[in-house]
Amino acid sequence: MIEIIHSGFFTTVQDQGRVGYRKAGVPAGGAMDSLASRLANLLVGNDENEAVLEITMNGPTLRFATDAVIAICGGEFVCTLNERPVSMWRPLTVRRGDVLAIGACQKGYRGYIAFAGGLDLPLVMNSRSTYVQAAIGGLHGKPLQKGDILSLRSRAMAVPNIPIRWGTAFSARNYIDGKKKVIRAAAGPEYSMFTAESRAQFFSHAYEVTPQSDRMGYRLQGQVLKRKDNTEMISEAVAFGTVQVPASGQPIVLMADCQTTGGYPRIAQVIAADLPVLAQARPGDLIQFQKVSWQEAQRLYVERERQLKRWKIIIQQKWREMGYAH
């Protein structure tokens, strides 16, 4: 078992989300940065969809009552094991009685802790993801609190008795760097409802992420976007990465816990390959949207999935070299 000594700013259990329930009004949710969470799981020999802890801005302190293999991926956090610095983006061996402390985030905004074997939590609509607004999933449907206890399921492999000296290459994590993030997006269904000037401004001016941003959506501040007229819209489908523009003219990028429909015009859709980049943006960071075609968005998604598959093969080979087959 694992005891939560300190919960951090906002720590929740997340996997890759609730697929297939949007028609019933249930958001997909899941990890904001799917790339970091999937890689963390691969590093400890889990399925990519296994539940992890998602940490935001400032991480938790955990006491382990069992040996474990873990991996921490995502933004650059200060991490210590028994008060000694440990590295991210690699498997770590933890022994019974050890204390893992994750401090402030230096770069990026979110991190992920994966545990070999996974967290022993019930599935709610085929997912262990915490959806706080409905108090479902995760541990009691809430962010972790001091004194909470997490249990691990049985591991597929024994905890290594030798040091693990390998991890992911820098190329797997360089998307997190930079206060100004270039986010590629395709034109949305209501793109033509905006004036030519506003369409040009959207892709040529940077927008600041405001403090009024969370897992449901990022409110941006920048050039006011104007519509050609004030024609009313009926509610339409929205998703993670949909950019809506309310009456204020300031765009809102919908995030993992967003609603399933919305009544504001959709000027753009962030491409799937750049959602992890967007998830690592913190209040005060700048977002520069870059226009791409839907065909390019698809190509970039396929390219990322192929790269993940290559990383998976390399990680499995590393474990085999240590004598652990997955």
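Shown above is the structure to which this text applies.
Residues numbered from 1 in each chain as written. Predicted model: local features only at pLDDT ≥ 70, side-chain atom pairs only at ≥ 80, totals over all residues. Heavy atoms only, no water.

1. Structural notes on the overall build of the chain
Thinking step 1. A count of helices and strands for the chain gives four helices and 18 strands.
Thinking step 2. For 326 residues, the compact-globule estimate of 2.2 N^0.38 gives 20 Å, and the C-alpha radius of gyration of the chain, at 20 Å, lies within 12% of that figure.
Thinking step 3. Once the C-alpha set of the chain is aligned to its principal axes, its extents read approximately 65 × 35 × 35 Å.
Thinking step 4. Sorting the 326 residues of the chain into buried and exposed places 53% on the buried side.
Thinking step 5. By sequence separation, contacts in the chain at least 24 residues apart represent 77% of the contacts at least 6 residues apart. (Helix = DSSP H or I, 4+ residues; strand = E, 2+ residues; numbered from the N terminus. Rg over C-alpha atoms; globule rule 2.2 N^0.38 Å. Buried < 20%, exposed > 50% of the residue type's maximum accessible area, 1.4 Å probe, protein only. Contact = heavy atoms within 4.5 Å.)

2. Topic: the side chain of Thr-130
Thinking step 1. Relative to the assigned elements, Thr-130 resides in the loop between strand S8 (99-115) and strand S9 (149-150).
Thinking step 2. With a relative accessible area of 1%, Thr-130 lands in the buried category.
Thinking step 3. Leaving out residues up to four positions away in the same chain, Thr-130 has contacts with Thr-12, Val-13, Gln-14, Ile-136, Gly-137, Gly-138, Leu-139, Gly-141, Lys-142 and Asp-257.

3. Here's the deal with helix H1 (residues 34-43)
Thinking step 1. Taking burial as the measure, the 10 residues of H1 include 10 buried ones, the bulk of the element.
Thinking step 2. Turning to H1, its buried residues are Ser-34, Leu-35, Ala-36, Ser-37, Arg-38, Leu-39, Ala-40, Asn-41, Leu-42 and Leu-43.
Thinking step 3. Where H1 is buried, its residues touch strand S3 (52-56), strand S5 (68-81), strand S7 (91-94), S8, helix H3 (275-279) and helix H4 (294-321).
Thinking step 4. By the N-cap criterion, in which a side-chain oxygen at the helix start approaches the backbone nitrogen of a residue two or three places on, H1 is capped by Asp-33, the distance to Leu-35 being 3.1 Å.
Thinking step 5. Residue Gly-45 follows H1 closely and has a positive phi angle near 85 degrees. (Polar contact = N/O pair within 3.5 Å; in protein donor to acceptor, adjacent residues only side chain to side chain.)

4. Some points on the environment of Gln-250
Thinking step 1. By secondary structure assignment, the location of Gln-250 is in the loop between strand S14 (242-244) and strand S15 (252-254).
Thinking step 2. The buried category is assigned to Gln-250, whose relative accessible area is 12%.
Thinking step 3. Remark: the alpha-carbon pair of Gln-250 and Val-13, spanning 237 residues in sequence, is separated by 31 Å.
Thinking step 4. If near-sequence neighbours (up to four positions away) are discounted, Gln-250 is found in contact with Tyr-207, Leu-220, Gln-221, Gly-222, Gln-223, Val-224 and Val-245.
Thinking step 5. In this structure the side chain of Gln-250 is engaged in a polar contact, spanning 2.9 Å, whose partner is the backbone nitrogen of Gly-222.

5. Quick notes on the environment of Leu-92
Thinking step 1. If you trace the backbone, Leu-92 turns up in strand S7.
Thinking step 2. Separated by 44 residues in sequence, Leu-92 and Glu-48 place their C-alpha atoms 18 Å apart.
Thinking step 3. When sequence neighbours within four positions are dropped, the list of residues in contact with Leu-92 reads Ala-68, Val-69, Ile-70, Ile-72, Val-86 and Ser-87.

6. So, the sheet that holds strand S10 (residues 180-187)
Thinking step 1. The seven strands are arranged S10-S17-S14-S15-S12-S11-S18 in a closed barrel whose pairing can be described as mixed. Taking the axes of each pair of neighbouring strands and ignoring which way they run, one obtains an average angle of 40 degrees across the sheet.
Thinking step 2. As paired strands, S14 and strand S17 (residues 266-270) are joined by three bridges and run antiparallel to one another. Bridge pairing in S17 links Val-243 to Ala-268. (Pairing = 2+ DSSP bridges. Axes fitted to C-alpha atoms, helices over the stretch in contact; angles between N-to-C directions.)

7. Details of the pairing of S5
Thinking step 1. The element S5 is extensively covered by neighbouring structure, given that 11 of its 14 residues are classed as buried.
Thinking step 2. Relative to S7, S5 runs antiparallel, the two sharing four bridges. If you follow Ala-68 over to S7, its bridge partner there is Val-94.
Thinking step 3. For S5 and S8, the ladder comprises 10 bridges, and the chain directions are antiparallel. Residue pairing in the sheet places Thr-80 in a bridge with Ala-101 of S8.
Thinking step 4. By the bridge criterion, two bridges tie S5 to strand S6 (residues 84-85) in an arrangement that is antiparallel.

8. Overview of unusual backbone geometry
Thinking step 1. One non-glycine residue, Trp-89, lies in positive phi territory at about 60 degrees.
Thinking step 2. Looking at the element boundaries, Trp-89 is found in the loop between S6 and S7.
Thinking step 3. With relative accessibility at 3%, the residue Trp-89 sits in the buried group.
Thinking step 4. Phi at Asn-126 takes a positive value of approximately 65 degrees, unusual for a residue other than glycine.
Thinking step 5. With respect to the helices and strands, the residue Asn-126 is situated in the loop between S8 and S9.
Thinking step 6. Since its relative accessible area comes to 56%, Asn-126 is described here as exposed.

9. As for the nonpolar core
Thinking step 1. Counting residues in hydrophobic clusters, the biggest one holds 84 residues, and the most contacted among them are Phe-115 and Phe-289.
Thinking step 2. Sort the elements by how many residues they give to this core and S5 lands first, with nine residues.
Thinking step 3. Listed in part, the five residues of the second largest apolar core include Ile-271, Ala-273, Val-292 and Ala-297. (Core = buried A, V, L, I, M, F, W, Y, C linked by side-chain atoms within 4.5 Å.)

10. Examining the packing of aromatic side chains
Thinking step 1. Enumeration according to the criterion identifies seven aromatic pairs in this entry.
Thinking step 2. Plain terms: the ring middles of Phe-202 and Tyr-207 are 6.2 Å apart, the flat faces sit at 45 degrees to each other, and that makes the pair tilted. Tyr-207 carries the same exposure label as Phe-202, and that label is buried.
Thinking step 3. Among the aromatic residues, those joined into a ring-pair cluster are Tyr-191, Phe-202, Phe-203, Tyr-207 and Phe-289.
Thinking step 4. Positioned over the ring face of Tyr-191 is Arg-199, at 5.6 Å from the centre of the ring. (Phe/Tyr/Trp six-rings, centres within 6.5 Å; stacked < 30°, edge-to-face > 60°. Lys NZ or Arg CZ within 6 Å of the ring centre and 35° of its normal.)

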